[in-house]
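Each chain, written out:
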Amino acid sequence: MLGFGKSVVGKVRANNEDAIFINDTGPGPLSNLFVVADGMGGHNAGDVASGKAIAAFCDYFNDNTEFVYIEDFLADALLHANSQVHAEAQGNPSLLGMGTTFSAVTTDADNLYYAHVGDSRIYIIAESHIMQITRDHSLVAEMTEKGIITREEALHHPEKNVITRAVGTDAHVNVDKGYFPLDDVKHVLLCSDGLTNMVGDAEIYAVMMSDTQMSEKVECLIAKANEAGGDDNISVIVMGWVNK
């Protein structure tokens, strides 16, 4: 499986606090690794949080090569990243409170494995449908699940950017983890909310199913998010098979 990705500042923000990582051959014992992280914090703290989290996450795989379940391996690496980001924030007043969303994927021949914190998303795209396999750790997601607001109201809610779980903000974080069979999957999409707040699932699905190269799908999704306003940093990774 190959991946193509890009992260841009968007049309409103002054700097890009998102970070992405793509490795088709590792690191460590993994066959590949793809990550989207959306940093938050004052001044440049979001940049530091997303970059530090990815670096610590990857270091874990280079330092630890034995595992039983891949999804547990990913979750353990993310817990390590959380401790590293939190420790750096505690040691520097200008970084205090910084954190980042984190959505990571690795695959083998049969399955996709993931670890996830925050409201960046992982989607699988099959011939007949698009499906979000991660749960948003956000205030509006919780309100929607409880029936307080509708999905339509959530799209424009004034607190839609408030997340309830992030890497680095606390000494410990709960990590969502799992796996998904790849039998009927055509593409996998990782993205920050800079895409999903601007472009709906139906439009994303149409782009993903278009007869274009994966790199062109990335550019098209980013263009659509910018055309819709580009209110936030936009990060997109499209994964797929060359001959599938």
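Look above for the structure.
Residue positions are given per chain, counting from 1 as you read along its sequence in written order. It should be noted that, the model being predicted, local features are given only for residues of pLDDT at least 70 and side-chain atom pairs only at 80 or more, the latter also being counted only at that level, while totals for whole chains, interfaces and linings use all residues. For the side-chain quantities, the full set of heavy atoms in the structure was used; hydrogens and water were omitted.

(A) How the structure looks around the sheet that holds strand 10 (residues 185-191). Judged by pairing direction, the sheet is antiparallel, and its five strands sit side by side in the order 1-11-10-7-8 without closing on themselves. Only two strands of the sheet have a single neighbouring strand rather than two, namely strand 1 (2-8) and strand 8 (130-132). Along the sheet, successive strands turn relative to each other by an average axial angle of 20°, direction set aside. We treat two strands as partners when DSSP finds at least two bridges between them. Secondary structure elements follow DSSP: runs of H or I of four or more residues count as helices, runs of E of two or more count as strands, with numbering from the N terminus. When strand 10 meets strand 11 (residues 234-240), the two strands line up antiparallel, connected through five bridges. Paired with V188 across the two strands is M239, which belongs to strand 11. Running over the sheet, helix 7 (residues 214-227) touches strand 1, strand 10 and strand 11 and is turned about 155° from strand 11. The axes used here are C-alpha line fits, helices contributing only the stretch in contact, and every angle between their N-to-C directions lies in the interval 0 to 180 degrees. It only takes one pair of heavy atoms within 4.5 Å for two residues to be counted as in contact.

(B) Region of interest: the side chain of N111. By secondary structure assignment, the location of N111 is in strand 6 (residues 111-117). Polar contacts involving the side chain of N111 include one to the side chain of Y113, which spans 3.4 Å. Discounting residues that sit within four places of it in the chain, N111 has contacts with T106, Y179, F180, P181 and L182. Polar contact is the term for a pair of N or O atoms within 3.5 Å; when the atoms are in protein, one must be able to donate a hydrogen and the other to accept it, and sequence-neighboring residues count only if both atoms are side-chain atoms.

(C) Structural view of the packing of helix 6 (residues 201-208) against helix 7. Here helix 6 crosses helix 7 at 150°, and the two axes come no closer than 9 Å. Taken together, helix 6 and helix 7 sit at an angle that is classed as roughly antiparallel. The chirality of how helix 6 crosses helix 7 is right-handed. Across the interface between the two elements, E203, I204, V207 and M208 of helix 6 pack against K217, C220, L221 and K224 of helix 7. As a working rule, the residues Ala, Val, Leu, Ile, Met, Phe, Trp, Tyr, Cys and Pro are called nonpolar, Asp, Glu, Lys and Arg charged, and the rest polar, with Gly in that last group. Taken together, the residues of the contact of helix 6 with helix 7 sort by class into five nonpolar, no polar and three charged. These descriptions rest on fixed angle ranges, namely under 35 degrees for roughly parallel, over 145 for roughly antiparallel, 65 to 115 for roughly perpendicular, and the rest for oblique. Should the near helix be turned counterclockwise from the far one by less than a right angle, the crossing is left-handed, whereas a clockwise turn marks it as right-handed.

(D) Structural context of the nonpolar core. To define a nonpolar core, start from buried Ala, Val, Leu, Ile, Met, Phe, Trp, Tyr and Cys residues and group those joined through side-chain atoms within 4.5 Å. In this scheme, a residue with accessible area under 20% of its type's maximum is buried, one over 50% is exposed, and one in between is partly exposed, where area comes from a 1.4 Å probe on protein chains only. With 33 residues, the main nonpolar core has L33, F57, F61, L74, L78 and F102 as its most contacted residues. Here L33 is in contact with F21, I22, N23, G26, P27, F57, C58, F61, L74 and V105, once residues within four sequence places are set aside. Judged by nonpolar contacts, the second largest core, of 20 residues, contains L189, I204, M208 and V236.

(E) Summary view of the layout of surface pockets. A volume near 630 Å³ is recorded for the largest pocket. Lining the largest pocket are 23 residues; nearest its centre among them are R121, D136, R151, A154 and L155. At the level of elements, helix 3 (139-145), helix 4 (151-155) and helix 5 (193-196) are the ones that each hand at least two residues to the lining of the largest pocket. Grouping the constituent residues of the lining of the largest pocket by class yields six nonpolar, seven polar and ten charged. Estimates place the volume of the second largest pocket at around 240 Å³. Only protein atoms enter the calculation, which uses a 1 Å grid: trapped sets of points that fit a 1.4 Å probe without letting it out are cavities, open sets showing protein on both sides within 12 Å along at least five of seven lines are pockets, and any residue with an atom within 4 Å of a point is a lining residue. Grid points are joined across faces, edges and corners, and a volume is the space filled by probe spheres set on the points.

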